[in-house]
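Observations on the three-dimensional arrangement
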Amino acid sequence: MSAFDLQKKLVSGDLKVTEAANLFLSQHEQVDSKVNAFVELEKEKVLKQAQALDELSAEQRQSKKLFGVPVAIKDNICVEGTETNCASKILKGFTAPYDATVISKLKEAGAILYGRTNMDEFAMGSSTETSSIKKTANPWDLERIPGGSSGGAAASVASGQVPLSIGSDTGGSIRQPAALCGVVGFKPTYGRVSRYGLIAFASSLDQIGPFARDVKDAALLLDVLAGADPKDSTCSEEAVPNYLEAIDKDLSGLTAGIPEEYFIEGIDPEVEAKVKEAIAQLEKQGVKIEKVSLPHTKYAVSTYYIVATAEASSNLARYDGVRYGIRSAEAKNLNDLYFQTRTQGFGDEVKRRIMLGTYVLSAGYYDAYYLKALKVRTLMKQDFDNAFKKVDFIVTPTSPTPAFKMGEKVDNPLSMYLSDIFTISANLAGLPGVSIPCGLTQENLPVGLQLIGKPFGEETLLQVGHQFQQATDHHKQSPLL
Amino acid sequence: MSISKEDVEKVAKLARLQFSGEEVETFTSQMTDILKYIEQLNELDTEGVEPTAHVLPIQNVLREDKVTNGKPSKTIFVNAPKEEEHQFKVPQVIE
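Note that the structure is predicted; figures quoted are calculated from it, not measured.

Right, let's get into the overall build of chain B. Along the backbone of chain B there are three helices and two strands. What you see in chain B, going N to C, is helices and strands ordered as α-α-α-β-β. The C-alpha atoms of chain B give a radius of gyration of 23 Å, which is well past the 12 Å a tight globule of 95 residues would have. Its C-alpha atoms put chain B at 55 × 45 × 25 Å along the principal axes. Here chain B holds 95 residues, and the buried ones make up 31% of them. Treating the 11 positive side-chain charges of chain B as one cloud and the 18 negative ones as another, the clouds have centres 12 Å apart.

Both faces of the sheet carry side chains from a regular strand, because those side chains alternate between them. Residue and element names in this part refer to chain A. Pairing of strand β7 (residues 255–259) with strand β8 (residues 288–292) involves five bridges; the strand directions are parallel. Counterpart to I258 in the pairing with β8 is K291. In terms of handedness, the path from β7 via helix α10 (residues 269–284) over to β8 forms a crossover that is right-handed.

As a further point, take the nonpolar core. All names here are of chain A. By size, the foremost hydrophobic cluster in this structure holds 165 residues, and its most contacted members are L66, I103, L106, F122, I166 and F393. For L106, the residues in contact, after removing those within four places along its chain, are L66, V71, I73, A111, L113, I166, L221, V224 and L225. In terms of nonpolar packing, the next biggest core, distinct from the first, is built from six residues, I145, A179, L180 and A403 among them.

A word on the sheet that holds strand β3 (residues 112–117) of chain A. Residue and element names in this part refer to chain A. The eleven strands lie next to each other as β1-β3-β2-β4-β6-β5-β10-β11-β9-β7-β8, forming an open sheet whose pairing is mixed. This sheet does not close on itself; its edge strands, each paired only once, are β1 (38–40) and β8. Averaged over all neighbouring strand pairs, the angle between strand axes comes to 35 degrees, with direction disregarded. Here six bridges tie strand β10 (residues 433–440) to strand β11 (residues 446–453), and the two strands are oriented antiparallel to one another. Directly across from S435, in β11, lies its bridge partner Q450. In the packing of helix α6 (residues 151–158) onto the sheet, the strands contacted are β1, β2 (70–74), β3, β4 (164–169) and β6 (207–212), and the crossing angle to β4 comes to about 155 degrees.

A few words on the side chain of T423(A). Residue and element names in this part refer to chain A. Take T423: it is sitting in the loop between α15 (413–417) and α16 (424–428). On the basis of relative accessibility, which here comes to 0%, the residue T423 falls in the buried class. Apart from residues no more than four positions distant in its own chain, T423 is found in contact with G171, G172, R175, Q176, T398 and Q450.

What follows is about a nonpolar patch on the surface. Residue and element names in this part refer to chain B. A cluster of nonpolar side chains, contributed by V90, V93 and I94, occupies part of the molecular surface with about 290 Å² of accessible area. As for its position among the elements, V93 is in the segment after β2 (87–88). The class for V93 is exposed, based on a relative accessible area of 54%.

So, about the interface of chain A and chain B. Interfaces are frequently sized by the accessible area removed from exposure as the parts join. On the side of chain B, 51 residues touch chain A, which itself brings 66 residues to the contact. Together, the buried faces of chain A and chain B total about 5300 Å²; carbon and sulfur atoms form 69% of this surface. The interface formed by chain A and chain B holds two salt bridges in total. Of the charged contacts in the structure, one is a salt bridge between K71(B) and E80(A), with a shortest N-O distance of 3.4 Å. Connecting chain A to chain B are 18 residue pairs in polar contact (both at pLDDT 80 or more). Looking at the side of chain A that touches chain B, the element that brings in the most residues is helix α14 (residues 366–387) of chain A, giving eleven residues.

Bringing the pattern of salt bridges into the picture now. Residues and elements named next belong to chain A. In the structure shown here, the tally under the stated rule is 19 salt bridges over all chains. Across the salt bridge formed by R116 and E40, the nearest N and O atoms sit 3.7 Å from each other. Within this pair, whereas R116 is found in strand β3, its partner E40 is found in strand β1, the two being separated by 76 residues in sequence. When sorted by exposure, R116 lands in the same class as E40, which is buried. Here R144 and E443 are joined by a salt bridge, their closest N and O atoms 3.5 Å apart.

Further remarks concern the pairing of β11(A). All names here are of chain A. A large share of β11 lies buried, amounting to eight of its eight residues. On β11, burial covers both faces: P446, G448, Q450 and I452 on one face and V447, L449, L451 and G453 on the other are all buried. When strand β9 (residues 393–397) meets β11, the two strands line up antiparallel, connected through five bridges. Note on β11: the bridge partner recorded for F393 is G453. The loop that links β10 with its antiparallel partner β11 comprises five residues; one of these, N444, has a positive phi angle of about 70 degrees.

Two numbers describe a pair of packed helices, the interaxial angle and the distance between the axes. Residue and element names in this part refer to chain A. Close contact between helix α13 (residues 348–361) and α14 brings their axes to 7 Å; oriented N to C, the two are set at 105 degrees. The orientation of α13 with respect to α14, classified from their angle, is roughly perpendicular. Mapping the contact onto sequence places Y359, V360 and L361 in α13 and Y366, Y369 and Y370 in α14. Classifying every residue of the contact of α13 with α14 by side-chain character gives six nonpolar, no polar and no charged.

The next subject is unusual backbone geometry. Omega for the bond connecting G148(A) with S149(A) falls within 30 degrees of zero, at 10 degrees, which places this linkage in the cis form. Take S149(A): it is sitting in the loop between β3 and α6. In this structure, A87(A) takes a positive phi of about 50 degrees despite not being glycine. Along the chain, A87(A) turns up in the loop between β2 and α5 (101–108). If you check the backbone angles, H86(B) has positive phi at about 55 degrees while not being a glycine. Locating H86(B) in the fold gives a position in the loop between β1 (83–84) and β2.

Bringing α13(A) into the picture now. Compared with an ideal rise of 1.5 Å per residue, which puts 14 residues at 20 Å, α13(A) spans 20 Å between its outermost C-alpha atoms and is within 8% of the ideal. Where burial is concerned, most of α13(A) is hidden: twelve out of the 14 residues are buried. E349(A), V350(A), K351(A), R352(A), R353(A), I354(A), M355(A), L356(A), G357(A), T358(A), Y359(A) and V360(A) are the residues of α13(A) that are buried. The inward-facing, buried residues of α13(A) abut α11 (300–315), α12 (334–345), α14 and α15 of chain A together with α1 (5–14) and α2 (21–38) of chain B.

Calculation notes
Residues numbered from 1 in each chain as written. Chains lettered and ligands numbered in written order. Predicted model: local features only at pLDDT ≥ 70, side-chain atom pairs only at ≥ 80, totals over all residues. Heavy atoms only, no water. Helix = DSSP H or I, 4+ residues; strand = E, 2+ residues; numbered from the N terminus. Rg over C-alpha atoms; globule rule 2.2 N^0.38 Å. Buried < 20%, exposed > 50% of the residue type's maximum accessible area, 1.4 Å probe, protein only. Lys, Arg positive; Asp, Glu negative; His and termini not counted. Charge placed at Lys NZ, Arg CZ, Asp CG, Glu CD. Pairing = 2+ DSSP bridges. Right-handed = clockwise from strand over helix to strand, strands pointing away. Core = buried A, V, L, I, M, F, W, Y, C linked by side-chain atoms within 4.5 Å. Contact = heavy atoms within 4.5 Å. Axes fitted to C-alpha atoms, helices over the stretch in contact; angles between N-to-C directions. Patch = residues over 30% accessible without salt bridge, like charges linked within 9 Å, V, L, I, M, F, W, Y side chains within 5 Å. Areas by Shrake-Rupley, 256 points an atom, 1.4 Å probe, with all protein chains shown as cover. Salt bridge = Lys/Arg side-chain N within 4 Å of Asp/Glu carboxyl O. Buried area = accessible area lost by both parts, 1.4 Å probe. Polar contact = N/O pair within 3.5 Å; in protein donor to acceptor, adjacent residues only side chain to side chain. Parallel < 35°, antiparallel > 145°, perpendicular 65-115°, else oblique. Nonpolar A, V, L, I, M, F, W, Y, C, P; charged D, E, K, R; others polar. Expected span 1.5 Å × (residues − 1).

What follows is the structure, given as structure tokens:
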């Protein structure tokens with residue numbers, strides 16, 4: 001059942017919130033020992049929230065857009081009084097002293113905060129393998145990775161454990177795992193959703209967004225999450241449209257841009273075929289298809305790994321063992337304390353990125369790397385500005401390949417980085433993007449279709465995605481677990 | 001451009017990280033690969049291009065200077081590895 005239908009049923013009282021919560025908990029018990037999507041899920045906490053919601057009057061329920069609907073939370077979003085670790089040893093024992101703004105909004109909307117999902121350490125990775133806590137499996141093939149960094153969030157929805165979850169996307173961390181797990185993952189425009197309470201990775205790129213089984217549910221959740229926030233000065237004042245109204249319009253009059261730079265050598269032939277079928281389907285539904293060019297696409301990964309690591313090296317300087325998290329026990333002086341705490345607390349990938357970021361910002365290299373990357377970022381943004389003069393949205397594959405095997409890329413960081421090649425540009429340009437299931441390969445692995453929109457063009461993406469799903473049933477496929 | 005072991009050791013110091021000899025070797029080779037790849041940016045002429053540090057045209061967001069966070073300090077100190085009288089305790093700083 002969709003979150004949309006579930007909410008209706010719970011508001012009407014046809015189904016008690018406690019009953020629904022128990023159904024989800026029993027699914028969790030059946031499948032999560034195989035999938036390992038969650039790093040923490042306390043049954044009592046869930047049922048306590050459910051009982052409190054069941055006590056609300058019919059009138060109080062009406063106004064709550066997510067009444068009784070469980071929403072899983074990525075382990076880098078602060079929930080007051082709950083441990084939040086970013087799947088890192090360095091934040092072991094850290095209890096969030098306040099709610100992230102998105103958490104306050106979920107509570108206000110009557111959602112059940114349903115456990116924390118696994119992720120790559122500090123959201124740095126594309127496979128959830130850098131988590132210091134556990135490995136999450138792809139529900140479609142337990143020997144494969146779920147994508148990352150929000151791998152637990154995607155797998156929790158794909159395995160039917162929750163109808164909705166929230167994650168964060170810095171270079172594709174919502175869209176890529178959504179594609180690999182066969183669910184919908186939406187990264188909003190930079191500034192559309194407050195980042196207050198999201199533990200920072202790269203502040204000019206990070207955005208929180210929804211995971212769902214279908215686009216309508218993603219619209220429902222985005223509607224709750226979006227909007228200005230005095231606690232995040234980079235959060236936009238732009239009015240939030242009614243996303244659920246926007247999705248019902250048909251697609252005639254819209255133009256889609258197909259960038260030739262996204263159909264390159266190295267892309268899996270089955271992925272390419274599925275995406276092309278989806279484009280043909282959109283055309284059948286009245287969308288005009290046009291070729292566009294985004295000539296700087298091939299520089300996206302380089303630009304990203306300079307900008308993101310530079311920002312990360314600065315953001316992660318705060319983990320010094322003084323105010324929270326673990327502290328090395330052996331340190332004899334303050335400098336020792338910094339060195340030992342950080343060396344013991346961070347995993348290899350995080351260290352690698354801090355090193356790279358420190359290097360590109362260091363004296364003598366700043367202009368050659370960091371400033372250069374910021375200039376290329378401008379060129380990439382201009383590519384999109386030019387394309388959006390002709391088209392309403394852009395269609396690409398989300399990931400060049402379906403889910404790969406666990407361990408396949410861990411020893412080769414560069415090949416892991418290249419798996420984000422199609423998602424990174426939207427972050428650098430601050431644009432909204434969504435991944436939508438568009439079929440299964442012969443090995444029964446999901447393929448994702450990515451739609452990229454204009455700044456604050458969420459409505460168009462949701463409309464196109466929803467209309468596509470009205471005419472197709474790729475999103476109705478479920479893994480056998 | 002390749003990066004030397006000495007470069008890696010220097011950057012590690014700046015980043016307050018320690019590595020064993022073997023780790024320095026691995027990082028040197030991995031960072032060399034990544035930096036080589038990144039150098040493709042030099043193909044582009046960026047003369048006269050303005051840098052983009054931030055995509056939104058937001059500047060100087062101001063608010064009234066009023067206290068809005070009413071949380072007691074104990075919610076913060078509950079996370080302190082070591083605390084004394086509501087202050088973070090650290091090892092000796094000055095020898």
